[in-house]
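Chain by chain, the residues run as shown.
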Amino acid sequence: MFAQILVNGIAMGCIYALVTLGFVLVVRAAGVVNFAHGEMVMLGAYLGVSTTAALGLAPAVGLLVTILIMAGVGALFQRIIVQPLHGKHLLTIVMATVGISIAMQNGATLIWGPYPLTMAPFFGSRPVNLLGAVILPHTLIIIALTGLVLAALHLVLTRTGSGLMIQASAQDPETARLMGIRVQRMNTIVFATAAALAGMAGFLVAPLFIVTPSIGFSTMLKGLAVAILGGWGSLQGAILGGLLFGIIETLAAAYLSTAYKDVVAFAVLILMLLVRPQGLFPEKIGEKV
Amino acid sequence: MLQRRQRYSLLVAVMLVFTLVLAGCGAGGGGGGAADDEIILGMVVATTGAYAGGEAPLINGARLAVEHINAEGGINGRQVRLVIEDTGSEQTGAVNAYSRIASQNPIAILSSTVSAFVLAQMEQIQNAGIPTFTGGGAVALTEQNNPWLFRVRTSDAWVPVAAATFAVEELGAEKIGVLRVNDQMGEGWEQKIIETLAEHGLEPVGVEVHGADDKDMMPQLLRLQNAGAEAVIVASHPPTHVVIMKQRKQMDNPFDLIVSNSAMLPTTLELLEADELEGVYGTVDAVPVSDPFSSDWAAEYEERFGMAADFSAAEYYDAAIMVAEAARETDGSHQAIADYLHGIAGRKGMGNTWTFGDNGDGGSQVVIVRPSPEGLDALSTIVIDR
């Protein structure tokens, strides 16, 4: 039982990590808490259903198409919603993202209808036995793909010119601009990346969860908690915080109480804030002026 | 001239309004007051948000009823118009939507199936003095003896009892678990199942709970399996039902499942593979497709809306038909209609057998079904002696 629970917890943690990473990227780059981020997850899930179930594309191709479309959606979101509000009061921007979130949910109801949808998992719905844990191959795919994507993102952000320009824009936009970096373009890339990560998370959970217009909201709430647990604005914190949150939540449900599993998970969060209020991996003061 | 940034902001605002207006149009309701030659039938259900999918069949049922009523000449020569207000799947929205409908003086109001929403509307229902129907199952709804509230559903006082009795007497299970959603409906089911098992000298081997937004049910399922459950009774909502049935198939030697009504909706069953339905049983108020009394109606419904008729659509159809009948048989006042409805007893409808009595608890039928990709196979029908 422990192995099964642990694998499920890691898979949930990977989803939280993907969602939170996009969340944190946007916070770092634009200083904006994007309340429509959960709806990016929802849109990714619906695109997964449309590309695989409706258009009949192979799951891998459907995933690629979904990621590309979501990157476009993220870029448009930054250009049309966030950029024009640059310099406005923080609440104005937050309310704009809340409004977009509501509009996206209603839009999804109009396009895909109010009934729940689902899609077939990668490699079918026949579970495999792995070290005593009976799990779907799709669960392993989630863990593997998340690991690959996060590693690639880390490399891009730390070892490539574009990645360093994105980091520079996030840390000190004015100086970055003086150095010739096109800060707005970097912000657009960050929003596109965040939306692509959220879309990927949505695509991956669609076969396990049921796709409804409200699927993104609870995921976003957990993403917020993970961002706090990991350290607000920290990329490493988003990943490890996500994994930790997913595992704690699942283990608490299995060994303590299913009724109070969220209480346990959030109690750990509160305890962490009391003991280490800056989170697991706090953003260094020098990183952002 | 507008600055570039202002133009963007304007564009965003227009897009937002456009989307929200479109969503409103999707509700299909007509606003405005009633013309002299028409009668309004109000409806307060979710057309957006989490409950929109579950409540969409209710709208279909009500629409079909209005078409039938108008085809027969309306009510005393006046056509009926269905006006729908969206709850937005939120309690505050449900209260506000009820107020908007009530202000248009409808002949009756078909309200939500979400018991918590209707409980929040209870004072409004009392004050408005308009016959109001609900498909909510919570026992508390009719315990308040609100003379204007009518339940078009079999109460959760009886459905969980039927499920537990089936598990013990028909499946022969002695180790029975409970998996329920953490809300009023789930609590009601747990209580009734424990009472019923106690009457058979049993107690549940485990009671597991999940949140309405929970995505992973494996911990709950494994705990019940480790407790030795032979059968598990599930009280939940459609999306979670699907997750439970799918994850159960990942287990070695899975236990039987007896699931609550919403798991047996056609739109829920569509999401499941045939092997995921093995060992699954359900409770519904009726199977309109296979009941000879309602099979023609069910065929018309399917042709009209492109989906199989389910009990909830049939029950809201019945509600509208009974209102029209009451208005034709009386002077058509709200009081007269309410009095007429309270007097209905043993009336066979498309979605239930109706006996409203003094407290307005209308449904008195439970059907135990076995689902398959082809539909629902009715195993037994229980009509509660009231």
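Residues numbered from 1 in each chain as written. Chains lettered and ligands numbered in written order. Predicted model: local features only at pLDDT ≥ 70, side-chain atom pairs only at ≥ 80, totals over all residues. Heavy atoms only, no water.

Student: Teacher, can you tell me more about unusual backbone geometry here?
Tutor: In most cases, non-glycine residues show a negative phi, while peptide bonds are predominantly trans. Residue and element names in this part refer to chain B. The backbone phi angle of Asn-76 is positive, close to 50°, even though this residue is not glycine. Here Asn-76 is to be found in the loop between helix H2 (52-71) and strand E2 (79-86). Asn-76 gets classed as exposed once you look at its relative accessible area, which sits at 55%. (Helix = DSSP H or I, 4+ residues; strand = E, 2+ residues; numbered from the N terminus. Buried < 20%, exposed > 50% of the residue type's maximum accessible area, 1.4 Å probe, protein only.)

Student: Mind showing me how you'd approach the side chain of Ser-312 of chain B here?
Tutor: For Ser-312 of chain B, the position within the fold is in helix H12 (residues 311-329). Contact partners of Ser-312 of chain B, with chain neighbours within four places excluded, come to Pro-57, Leu-58 and Leu-265 of chain B. (Contact = heavy atoms within 4.5 Å.)

Student: Explanation requested: the pattern of salt bridges in the structure shown.
Tutor: Opposite charge on two side chains permits them to pair, given that their charged atoms come into close proximity. Under the counting rule described, the total for this entry stands at 17 salt bridges over all chains. One salt bridge in this structure joins Arg-177 of chain A and Glu-174 of chain A, with 3.0 Å as the shortest N-O distance. Here Arg-177 of chain A and its partner Glu-174 of chain A are both found in helix H7 (residues 173-178), 3 residues apart, which amounts to about one turn of the helix. Since its relative accessible area comes to 37%, Arg-177 of chain A is described here as partly exposed. On the basis of relative accessibility, which here comes to 51%, the residue Glu-174 of chain A falls in the exposed class. Here Asp-361 of chain B ties to Arg-151 of chain B by a salt bridge, and the two come within 2.4 Å at their closest N and O atoms. Here the residue Asp-361 of chain B occupies a position in strand E13 (residues 361-363), and Arg-151 of chain B occupies one in strand E5 (residues 149-154), the gap between them amounting to 210 residues. Within the structure, one salt-bridge network assembled from shared partners comprises Lys-222, Glu-249 and Asp-262 of chain A. (Salt bridge = Lys/Arg side-chain N within 4 Å of Asp/Glu carboxyl O.)

Student: Help me understand the sheet that holds strand E10 (residues 280-284) of chain B in this model?
Tutor: Residue and element names in this part refer to chain B. Read across the sheet, 7 strands follow the order E7-E6-E8-E9-E10-E14-E15 without closing on themselves; strand pairing throughout is mixed. Bordering the open sheet on either side are strand E7 (206-210) and strand E15 (375-383), each of which pairs with just one other strand. For this sheet, the mean inter-axis angle between neighbouring strands, taken without regard to orientation, is 20°. Of the strands in this sheet, strand E6 (176-181), strand E8 (231-235), strand E9 (256-259), E10, strand E14 (365-372) and E15 are in contact with helix H6 (residues 159-170), which crosses E14 at around 55°. The strands touched by helix H7 (residues 184-199) within the sheet are E6, E7, E8 and E10, with E6 carrying the most contacts at an inclination of about 165°. (Pairing = 2+ DSSP bridges. Axes fitted to C-alpha atoms, helices over the stretch in contact; angles between N-to-C directions.)

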